[in-house]
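Chain residues, written in single-letter form:
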Amino acid sequence: MTEVADRPRIGTLLRDWRRRRRMSQLDLALEAGVSARHVSFVETGRSRPSAEMVVQLAEHLEVPLRDRNALLLAAGYAPAYAQRDLDEPEMGPVREAIDRLLRGHEPYPAVVVDRHWGLVSANRAVPLLIAGAAAHLTEPPVNVLRLSLHPEGMAPRIVNLGEWRAHLLDRLGRQAVVSGDPALFALHDELAGYPGGAPGHVPDLEAGAIAVPLRLRADGGELAFISTATTFGTATDVTVSELAIESFFPADERTAKALERGSRKK
């Protein structure tokens, strides 16, 4: 009885997500094709939504699959989205897709991370990025952002540390606000306490810059990268929906040639 009584109410959770998305009840009603009165009744507990309505509202609020399951449970329904470990046999196609993407990106670095930026997998070019990092940062479980900004991690080798740090903190802060995940807020607070420039201050970029680069000191000179993030857009499994592939591309010809030479030596 205590567990049931302490379970968050569906109306409260929906209202929190709506406010997090900065939508009014009318905005949500128009998006979902229902009346604002019905949204109000659901939020105040005067009406119990169907499981289909919970999913419909969650889709228009862009609620992550993990939290959609929480909404369904709060409304008294079973979770709709499975959550499997990557090692399970059913996840074989996902593992194969990840391996193919990582191998195909070589000789350029790429990593797969989970929702808290924990390292899931990496290709053979990643050691170039993390060379010289302390062992306690590179032993499992590895947090990619901590490894990047920790003073014993990649930070001493990042030429534009203030710029790169501000970029990562801004990205992480936005992710924390959008998801409402306490673990991401805690990670942001931890990283913001590391040295390397004032959090939130982004130095002026060079004229014509198209993205914030990662500039690394390396043997024989400096390497420059730009990065992209890829997700499984049609995922219906919680674990798969929370994976992201961070791919690094050379930002100049010198970096591209250095990586190609390095791959030939392996």
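Draft legend 1. Focus on the pattern of salt bridges. Counted by the stated rule, this structure contains 10 salt bridges. Arg-18 is paired through a salt bridge with Glu-43; the nearest N and O atoms lie 2.6 Å apart. With Arg-18 in helix α2 (residues 10-20) and Glu-43 in helix α4 (residues 36-44), this pair connects stretches of sequence that are 25 residues apart. With relative accessibility at 8%, the residue Arg-18 sits in the buried group. Residue Glu-43 is classed as buried on the basis of its relative accessible area of 8%. Glu-242 is the salt-bridge partner of Arg-115, the closest N and O atoms lying 3.6 Å from each other. A residue pair is termed long-range when its members are at least 10 positions apart, and Arg-115 in the loop between β1 (110-113) and β2 (119-122) and Glu-242 in the loop between α13 (238-241) and β5 (244-250) qualify at 127 residues. Looking at Glu-242, the relative accessible area reads 16%, which means it is buried. When salt bridges that share partners are traced, they join Arg-66, Arg-115, Asp-181 and Glu-242 into one network.

Draft legend 2. The arrangement of the pairing of β5 in detail. Where burial is concerned, most of β5 is hidden: 5 out of the 7 residues are buried. When strand β4 (residues 221-231) meets β5, the two strands line up antiparallel, connected through 7 bridges. What sits directly across from Thr-231, in β5, is Ala-244.

Draft legend 3. Examining the confidence of the model for the protein more closely. Overall, the prediction assigns the protein a mean pLDDT of 91, with 91% of residues at 70 or greater. Long-range and interchain partners of residues 1-5, a stretch whose pLDDT sits below 50, account for 0 contacts in this model, where long-range means more than four residues apart.

Draft legend 4. Structural view of the side chain of Arg-157. Counting through the fold element by element, Arg-157 comes out in the loop between α10 (144-149) and α11 (161-179). Buried and unpaired, Arg-157 has no salt bridge, with Asp-219 as the nearest side chain of opposite charge at 7.4 Å. Engagement of the side chain of Arg-157 in a polar contact is seen with the backbone oxygen of Leu-128, the distance being 3.4 Å. Aside from chain neighbours lying at most four places away, what touches Arg-157 is Leu-128, Leu-129, Ile-130, Ala-131, Arg-215, Leu-216, Arg-217 and Ala-218.

Draft legend 5. Structural context of the sheet that holds strand β3 (residues 214-218). If you walk across this open sheet you meet the 5 strands as β2-β1-β5-β4-β3, and the pairing is antiparallel. Edge positions in the open sheet fall to β2 and β3, since each of these has one partner strand only. Strand-to-strand twist of the sheet, defined as the mean angle between neighbouring strand axes without regard to direction, takes the value 30°. Note: β3 against β4, 5 bridges, orientation antiparallel. Residue pairing in the sheet places Leu-216 in a bridge with Leu-223 of β4. Across the sheet, helix α7 (residues 92-105) touches β1, β2 and β5, and the angle it forms with β1 is around 155°.

Draft legend 6. Here's a closer look at helix α5 (residues 51-60). Within α5 the residues assigned to the buried category are Met-53, Val-54, Val-55, Leu-57 and Ala-58. Contact partners of the buried residues in α5: α2, α3 (25-32), α4 and α6 (65-74).

Parameters and conventions
Residues numbered from 1 in each chain as written. Predicted model: local features only at pLDDT ≥ 70, side-chain atom pairs only at ≥ 80, totals over all residues. Heavy atoms only, no water. Salt bridge = Lys/Arg side-chain N within 4 Å of Asp/Glu carboxyl O. Helix = DSSP H or I, 4+ residues; strand = E, 2+ residues; numbered from the N terminus. Buried < 20%, exposed > 50% of the residue type's maximum accessible area, 1.4 Å probe, protein only. Pairing = 2+ DSSP bridges. pLDDT = per-residue confidence, 0-100. Contact = heavy atoms within 4.5 Å. Lys, Arg positive; Asp, Glu negative; His and termini not counted. Polar contact = N/O pair within 3.5 Å; in protein donor to acceptor, adjacent residues only side chain to side chain. Axes fitted to C-alpha atoms, helices over the stretch in contact; angles between N-to-C directions.

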